[in-house]
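The lines below spell out each chain.
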Amino acid sequence: MADAEPAKAKPRPIIRLGLFLISHSFIVSVACCAAGVFALLLLPVLAKNTYISENALMPGSASPMLSNDDVSRARMFVNKVVSFDFKTDSSSIGIQDLVAQHITDLGGEVNFHKFLPQANKFNPLHFFSSPDQGIAQENYTYSSYGINTVGFIRAPRGDGKEAIVLVTPYNSVKTSMGEALSLGIAHSIFSLLTRVTWLAKDIIWLAADSQHGEYAAVAAWLREYHTPSFDGSGRSLFESNASPTTGRKRPNDFLRAGTMAAALVIKVTDGSEIAERDVLNLYAEASNGQMPNLDLINVVNYLAVNGQRLRVKVEKLGSLLDSWWLRSLAELFHKLGTVARSLNPQWNFGISVAEYIEGTATLASSLYNQALGVPTGPHGVFRDYQVDAITMEISAKRVANYKNRPNELLLQGGRLVEGVIRSVNNLLEKFHQSFFLYLLTSPNKFVSVGVYMIPFALLVAPLPMVAASLFADSTRRISGMETKVASSPASSDIPAISFRSWRWLHAAKTVFIVHFWGAIVTLLPHFLSLVQDSPPLTNLLSWIILSAFTLLILQAILGSSLSLLHMNRTQVMEWTLLKSVTIAAACTGLCIMSVINFATAELGALMLVPMCLMARPLMLDAKAKTLKSFIRAACNVVLIFLVFPPVAYYLWKGALVGLDNARVGDFWNWVESLWTWNSATYIYMCMVHLPCWVLCVHTLVYPC
Amino acid sequence: MVRLRSILLFLLLFKSFGSIIAEEEDQIEQFSEALLLRPLPDRKVLAHFHFESKVPPTRTHGSHHHLFPKSIYQLVHKFRVREMELSFTQGRWNYAHWGGYDPISSRNAKPPGVELWATFDVPQHQVDASWRNLTHALSGLFCASINFLESSTAYSSPQWSFKSFATNIRYGTLPREAVCTENLTPWLKLLPCRDKAGLSALMDRPSIYRGFYHSQRLHLVSNEFDLAAASSGMVLEQTLTVVLQPVTLGSGMTSSAGSIQQPSWSLSSLFGRKVSGRCVLSHASNVYVQLELDLVSELKTTSETQQQYDVENLISQSWSDMSFEMSESAVRVIQEANGFQKESSLLYEFSLENFSDSRPFDLEFRWKRPVTWSSQLAPLQAHRFLMGSGNERGAIAISLKSVGRSEYAKSSVNDEGRCSLRVDVFQVVPWYVKVYYHTLKVFLDERLHSLADVVERTNVSPSEDKVSPGLMEIALRLPCDVHSVILTLEFDKGFLHIDEYPPDANQGFDIPSALIRFPEIKTKMDLFEDKSACKSPILSKLQEESPVLWYTEVLLVPLTTPDFSMPYNVITITCTVFALYFGSLLNALRRRVEEEERLLKSKAAKPSGPIGVLLSKLSAKLRGNPLEPPPPSSSSKVSYKLILRVILVAGIAAAWQYFYG
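Residues numbered from 1 in each chain as written. Chains lettered and ligands numbered in written order. Predicted model: local features only at pLDDT ≥ 70, side-chain atom pairs only at ≥ 80, totals over all residues.

Undergrad: Quick one: what's the story with the overall build of chain B, residue by residue and with numbers?
TA: Looking only at helices and strands, chain B has 17 helices and 27 strands in total. Each of the 661 residues in chain B was classed as buried or not, and the buried ones make up 37%. If you take every contact in chain B between residues at least 6 apart in sequence, the share linking residues at least 24 apart comes to 75%. (Helix = DSSP H or I, 4+ residues; strand = E, 2+ residues; numbered from the N terminus. Buried ≥ 20, exposed ≤ 12 C-beta atoms within 10 Å, placed from the backbone. Contact = placed C-beta atoms within 7 Å.)

Undergrad: Go over the interface of chain A and chain B with me, naming the residues and quoting the values.
TA: Contact with chain A, which involves 28 residues of that partner, is made by 30 residues of chain B. Split into classes, the residues belonging to the side of chain A that touches chain B amount to seven nonpolar, 11 polar and 10 charged. (Nonpolar A, V, L, I, M, F, W, Y, C, P; charged D, E, K, R; others polar.)

Undergrad: Account for the confidence of the model for chain A, naming residues and giving values.
TA: Residues and elements named next belong to chain A. When pLDDT is averaged across chain A, the result is 81; 82% of the residues are at 70 or more. In this model, residues 1-7 is a region of pLDDT below 50 whose contacts with residues beyond four sequence positions or in other chains number five contacts. Taken as a whole, residues 236-248 scores under 50 in pLDDT and shows 12 contacts with residues more than four places along the chain or in a different chain. (pLDDT = per-residue confidence, 0-100.)

Undergrad: I'd like a description of the UniProt feature "transmembrane region" (unreviewed entry) in chain B, backed by residues and values.
TA: Residue and element names in this part refer to chain B. Within this structure's numbering, the places UniProt gives as "transmembrane region" (unreviewed entry) are residues 568-589 and 642-660. When the span residues 568-589 is considered, its composition is 100% helix and 0% strand, and the gap between its end C-alpha atoms is 31 Å. End C-alpha atoms of residues 642-660 are separated by 27 Å, and the span's content is 100% helix alongside 0% strand. (UniProt positions renumbered as here; feature names shortened; annotations may be inferred.)

Undergrad: Explain the UniProt feature "transmembrane region" (unreviewed entry) in chain A to me, and be specific about the residues and the numbers.
TA: All names here are of chain A. Per the UniProt annotation, the sites labelled "transmembrane region" (unreviewed entry) are residues 17-43, 449-472, 510-528, 540-565, 577-597, 603-619, 631-652 and 682-702. As annotated, residues 17-43 has a helix share of 96% and a strand share of 0%, and its two end C-alpha atoms lie 29 Å apart. Structurally, residues 631-652 comprises 95% helix and 0% strand, and the distance from its first C-alpha atom to its last is 25 Å.

Undergrad: Break down the environment of Arg82(B) for me, citing the residues and quoting the values.
TA: All names here are of chain B. Mapped onto the secondary structure, Arg-82 falls in strand β3 (residues 81-90). When the C-alpha atoms of Arg-82 and Asn-223 are compared, they prove to be 6.5 Å apart, with 141 residues separating the residues in sequence. When sequence neighbours within four positions are dropped, the list of residues in contact with Arg-82 reads Thr-119, Phe-120, Asp-121, Ser-222 and Phe-225.

Undergrad: So what's going on with the pairing of strand β17 (residues 420-429) of chain B? Which residues, and what values?
TA: Residue and element names in this part refer to chain B. Where burial is concerned, most of β17 is hidden: eight out of the 10 residues are buried. In terms of strand pairing, β17 meets strand β21 (residues 470-479) through 10 bridges, oriented antiparallel. Looking at β21, one finds that Ser-420 is bridged to Pro-479. Pairing between β17 and strand β24 (residues 515-523): three bridges, direction antiparallel. Bridge assignment links Val-425 to a residue of β24, and that residue is Ile-516. (Pairing = 2+ DSSP bridges.)

Have a look at this one:
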């Protein structure tokens, strides 16, 4: 095709271009993959400074009103919480009552929300459905329910259509100093906001009882808020047991306050002493890589840096910070930047070495957290209900010597939260101006979707090209072979000639069977968890054995296309067809995944694309017996080994944490956590990654 | 003749300066003003201004007026309005703290924004036209966007749940209308003294808009067109209800033993102004202070510990050992006649007769001891909320919770001796929230009940896309001992056309307040007083029976909004597609394949170097003919040349950039 005769009429240029690319697919795919990886590494350089997109937010335009009165009142409250004797008092008056009492004294409405910790059960059919009414656990004990305390401030002149939520998770059984301080910050805000006249949205303070986990408490409350069940058949048990020992009647009517505009989770932790300033850690990743609107992060960042002199941090991968290759890469980019600037002072894409390394570490962590699909805190629940939420973790060195300067932390944290609430309160519309799809490279730098799509596009682009070229290649070879076969009159295979263009169906069938098997593998843990309750290692082994077993059964039932022993001569040549269809399937899977969770697709492409492109029967390489073929075979084997999901997991883990105390069962735990959080990464792993891996193994061991 | 008499009367009014001619009062125009103040349990004060203008029917009185606003008179005559109510409200009435069972709350608690309803005395087919004209007229009159109620998607005609025995009624609300002074000024213009004199002089704008609730209302009744009945002309009732927080000196927040000292207040501390006399055109100008039933009984128990207490003590206004005191002494104290109960609420009446600029009226109410009490609540507490999440569907839930009092039950025992309570629910839903009325579910005490058990009467008119809103009227018959009732309705969220979105589409869309009505539970005050003294219109209003009403919250439904920069993107992509399409089409039409091939062959015969190519190009340019490219001698040479050219151009560009950029 490429060497078509010049006398022939030329095809259209676009077709010519396509044919050119297909015929040079090897070079193009190598170039594209290299460019994809390079573009990914270039992202920190391309990151833009954040800016506040929504004009109505106007952060910091009003001076903070939080006074020392509020703070000293909050301090008294903190002291009460800290000195609260959990041992003796827990029977008579819970800490919830203490919080509720203070909310009422401040002039807010209060109610208690009882909930049972809900078992996160894997339900493969409910992956993408909206949050559902939970079914309470059957065999709960009566004492195990948690009690959230919820306080409300009704905006004086507002119409009550919208609300801002403050969440302070604390353990009601044993409240730590940090949790008490976060309650104190919320208390100071609450005491201020009951008096102000500028409120347009109602304020909800959710003091979430985190004895069963922060996430569970917030999730239970949000579920009750949005999808309550009125059929109280299961609840009657629960009500009869409600606060039997306390004499006071607890307000159990569930109160509500309109549509939520934004939610802030406030936490205080004990920071390191070395830090010069207090640090504010921001956590934003919700389930399946969803992020809150960038404006929310911008406002918090702006107010923390400019208003309260805090150092804002987002999570980063510590192991990357002192890796030699990243440093040399950073120096390279720095040199390039300086050269470019010397050419033209306006080309200002230079980036300092430290900045690049920090940016890459943050970007990697951002990518990793999004790809995992597991929320990084209780803010993740809100995103499931289309509410923008963020966790603000104030890591203060002063928590330790809180006794000496108690007011400072409360004042600082309180003013920050007040500023954010004031900004959100200004909003006329819900957050919509700024980005929802972005990666952070630092608290004030981001990579938007338009930029971070480029590496993925470059990585995925060779897949259809190589598939097409392989397909063309194999059809040409087979037709050539068949003409040879047809010329010899001894064995004229008439059906083979007539169906030669449908030959890829064999390969497609194999690929389909393997993907179908992938779907079965996805569902297997569900049945495993139904049947038995055993240690993770056993579970993992039984999962692997069952998977292998189903693969054998499927092969026996659905056809022998997977069996390598019984193959006639024409099928032997089909490994190129098989590879072509595999690559096409991988490309489809990656593209679909990129819509659901982009970061997963990006990381998945980094692993899948080289493996799929490299795969080639080992026998062929063994026959060739050259250095090139040997290297190729070795690369293939190494890639196949690395990309096997458990191996990949342990490698990631080794890179992030270190392999010191890694156990074989950890992989099972990780997978379990993925499906309990309803992460689409799990589905991707079982239904795209694993089948592709199996097919590549199949290609490798193809007899030639 | 009539005119002459009215002028005479007017002069007489001026001369007598406030002394009112009692006889013939039905035959003259009347204006009265009153202010009712009531301390509220949550340390706030309710101030309720009440102005009433009456005019005798045109038949007997003519169409010339001295007090009655001409604009309203013309409005009534032009659109033949029989009854009309317009309210501008900011904030929410707090039914739990400020009461929901007294005449003031059931009449003056209104949904946020604008609410307008009217009944017309015109044939059925003209009602809509009259309504449309009326909304435009009112829009101009009150500087508000009431004209948006003109569209048929904005108003509805309730049959029986909003107002019993009303035909030709139209009802519409604008929940998002912002209320401010621009609406108050035209409203004040309808008063004969405006805000220059009398009680309306208290309306200091910053003070009244600083309040927690602000509702200005205009209620109009006219019997002008009732030929049969004894016509009483037109009555225009204007009320302004505000809930204010008195300024507390020092920190009143600190609580001691659970009881909080109520803040003391005076007219000047609430409004920043004093009353310097009455409006001379009014025939009654009074200030009332109301003590609620629960407060009166609370006062009794607190003072009982010290001294023998009697209601007489309160009535005789001997403040020495009371929990509170007032700076002025009331003209009279009116006690509510509550047949069965010992306690009753009290009304202190103050007259503005004797006050003037030199001695302004500034009532001061001082609390001496902490007192806590609670207001009378409606039999069921109603709330409404949205369920579900996402952009596809959701549900509206209306919850009615019992407050745990059974005294209301007495009035409604039905024939079989079983106590029951009737509740009417009136709900209007805009068309883009597509409610499925068949999904209505009723939960009684957390158990699903069949509709037939509970629902007595329904009237549902489903919404029609872009034509009319959905209207639901349900009458529930509930057992008295019910604790909680929950109604749920599922809906789908609709799509709007791009030009139907408001400018702030991302805010979401409002579902107006639902109205919960207890038609069998009437509220009124039975006041002990001699018939001759019953002059004040506000008192007669309080004595009128009215059903207990409860407006629920406004809901905000986030709908899917398009990306509003999309038209730009669409235009761009459409243009690109068109350019590509027409380009290739013209190319295909224009090209003659054989001709080209022949040319190619003839060109291939001629040898041509780079200079020759340039020359032929130049000559082709000069001739104005399209250039036929020479056939490539070999592909490698072409690509070599191409690369060379590209490098050349890039080099020039880089040099240019370096030296001049």
